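# Observations on chain architecture
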Amino acid sequence: MTIVWWALGALVVLAAVSLVVLVVLVVLRKVVGRIVLPGGDRWTPVIESDADSVRLPITDDTVRPGEYGLWHDGSGHTTVGPVLELDEAAGFVRRAVVRTTGDVSSRVRWSGHVHPDPAAMDVDWSEVLLSTPVGPAPAWVVRPAVGGGADADSEAGAVADAGASATWAVHVHGIRTTRVTALRTVPAALELGWTSVVPSFRGDGEAPWEGRASHLGAREWVDVEAALDHAVANGAERIVVVGWSMGATITHELLARSAHRDRLVGIVLVAPALDWSVTVRSQARRAGVPGFVAGGALRAMGTPLLCRSMGLRSPVDVRALSWLRAPRQLPPTLLIHSAGDTTVPFSASQEFAAAHPDTVTLAISEPAEHAWERNVDAVWFDRTITTWASRTGLTGRQE
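This write-up is about the structure you can find in this document.

Cut-offs applied
- Residues numbered from 1 in each chain as written.
- Predicted model: local features only at pLDDT ≥ 70, side-chain atom pairs only at ≥ 80, totals over all residues.
- Heavy atoms only, no water.
- Buried < 20%, exposed > 50% of the residue type's maximum accessible area, 1.4 Å probe, protein only.
- Helix = DSSP H or I, 4+ residues; strand = E, 2+ residues; numbered from the N terminus.
- Pairing = 2+ DSSP bridges.
- Axes fitted to C-alpha atoms, helices over the stretch in contact; angles between N-to-C directions.
- Left-handed = near helix turned anticlockwise from the far one by under 90°.
- Contact = heavy atoms within 4.5 Å.
- Nonpolar A, V, L, I, M, F, W, Y, C, P; charged D, E, K, R; others polar.
- Core = buried A, V, L, I, M, F, W, Y, C linked by side-chain atoms within 4.5 Å.
- Phe/Tyr/Trp six-rings, centres within 6.5 Å; stacked < 30°, edge-to-face > 60°.
- Lys NZ or Arg CZ within 6 Å of the ring centre and 35° of its normal.

Attention now moves to helix α6 (residues 291-301). Residues three or four positions apart in an α-helix share a direction because the helix packs 3.6 residues into each turn. The buried fraction of α6 amounts to eight of the 11 residues, a majority that puts the element mostly inside the structure. All of the buried residues in α6 are Val293, Ala294, Gly295, Gly296, Ala297, Leu298, Ala300 and Met301.

What follows is the structure, given as structure tokens:
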């Protein structure tokens with residue numbers, strides 16, 4: 001009888017332990033999912049629209065200064081500019097329409113995407129397919145006008161000269177978005193006379209599919225390496241990598257692993273995710289998630305036995321991806337970031353810049369949400385890049 005009770009007790013304990021483990025795994029998977037899986041779309045209703053303006057409810061986003069993109073529910077896109085009217089009593093804001101394609105729908109998705117594609121920029125561009133390990137991935141190539149450069153007058157839409165510039169910029173978008181995000185740094189590159197390539201990579205919905213989960217750059221960087229391959233095959237002698245948000249992590253890996261790292265002469269990082277541990281813990285605090293849960297999620301992502309149950313194909317060691325941990329030789333590097341970023345802590349950019357005073361320049365934007373530094377002030381943003389490039393000798397066609 002004693003043995004029976006002991007066995008029953010052991011079963012109860014085992015069941016309790018199994019339940020606790022299951023609950024922990026479910027919680028960790030949910031937390032990891034918030035980090036690596038795409039989020040749902042957030043829609044804003046349209047009160048009224050015409051050819052010149054659109055009226056929207058007042059929200060934190062719709063009253064922000066600058067230019068933003070509205071993705072229609074269906075096909076089409078509208079770029080809105082300054083606030084024309086703000087009626088707090090009625091609860092609406094009316095903003096100017098800069099350009100639009102398609103009919104404005106009854107609801108729109110607010111974004112920082114002021115250009116829906118290169119065609120909207122009136123530039124010389126083409127689409128190419130890059131050969132990546134997961135298959136052909138589309139990329140945009142944008143060429144500077146004849147005689148382009150920081151000191152030359154250029155006409156939008158002019159034909160590029162027969163020999164593309166020897167300096168190329170590779171614009172790398174971030175997590176949960178597409179290459180359209182990275183188009184915002186192309187105008188500055190054109191002004192500098194650089195040829196630009198804007199690649200897609202696995203997980204962004206345009207490149208070949210490899211599951212829904214982002215690996216925070218640990219797997220994606222090899223797809224972006226194909227963009228560097230393309231640049232070098234087409235005459236690039238010098239390469240500047242421009243990383244947006246998670247694009248900074250991909251840039252980190254390119255700097256360490258790329259076959260073309262000797263050609264990397266400059267880095268521009270916008271709202272950069274320099275350390276995922278810092279970013280995830282900051283987001284957890286804002287969401288009211290205990291720190292030990294966030295730490296457990298990060299450890300689970302890096303553990304071979306657990307990472308697959310979290311939706312990952314291979315472990316992601318966030319420590320190995322951090323710009324803050326391992327000192328390294330850097331080419332001239334420009335960080336553009338706002339202290340108003342509530343997604344990626346500005347403090348990490350401050351720490352990194354302070355650790356590399358000889359090579360890293362930190363340009364602090366006006367208050368802006370994550371990766372909206374150019375949206376708030378495009379003139380300041382572009383000038384910041386072109387001035388930095390001029391000071392570091394990266395302008396024009398380097399022969």
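The rest of the description comes next.
Attention now moves to the pairing of strand β8 (residues 124-132). The pairing of β8 with strand β9 (residues 135-143) spans nine bridges and is antiparallel. The residue of β9 that forms the bridge with Leu129 is Pro138. Here β8 folds back onto β9, and the loop between the two strands holds two residues.

For the rest of this paragraph, the subject is the packing of helix α5 (residues 276-287) against α6. Each packed pair of helices is defined by two parameters, the angle between the axes and the distance between the axes. Contact pair α5 / α6: the axes reach a minimum separation of 9 Å and the direction vectors enclose 140 degrees. Considering only the axes of α5 and α6, their crossing is right-handed. Here α5 contributes Trp276, Ser277, Val280, Arg281 and Ala284 to the contact with α6, which in turn contributes Gly291, Ala294, Gly295 and Leu298. When its residues are assigned to classes, the contact of α5 with α6 shows five nonpolar, three polar and one charged.

Turning our attention to the nonpolar core. In a soluble, globular protein the nonpolar side chains are often hidden away together inside. If you look at the biggest cluster of nonpolar residues, it comprises 49 residues, and the most contacted ones within it are Val170, Leu216, Val224, Ile250 and Trp323. Take this core: its biggest share by element is six residues, from helix α3 (residues 221-233). Val224 has contacts with Val170, Val172, Pro199, Phe201, Ile250 and Leu254, leaving out every residue within four places of it along the chain. Core analysis: the next-biggest nonpolar cluster, separate from the first, contains 32 residues, Val180, Ile336, Ala371 and Ile385 among them.

Counted under the stated rule, the structure contains four aromatic pairs. Taking 5.5 Å as the distance between ring centres and 70 degrees as the angle between the ring planes, the aromatic pair formed by Trp323 and Phe352 counts as edge-to-face. Taken together, the residues span a long stretch of sequence, with Trp323 in the loop between α7 (304-307) and β14 (333-337) and Phe352 in helix α8 (residues 346-355) at a distance of 29 residues. Accessibility expressed as a relative area gives 2% for Trp323, which makes it buried. With a relative accessible area of 2%, Phe352 lands in the buried category. Seen from the ring of Trp140, Arg179 lies directly overhead, with NZ or CZ sitting 3.9 Å from the centre.

Distances and angles like these do not, on their own, reveal function.
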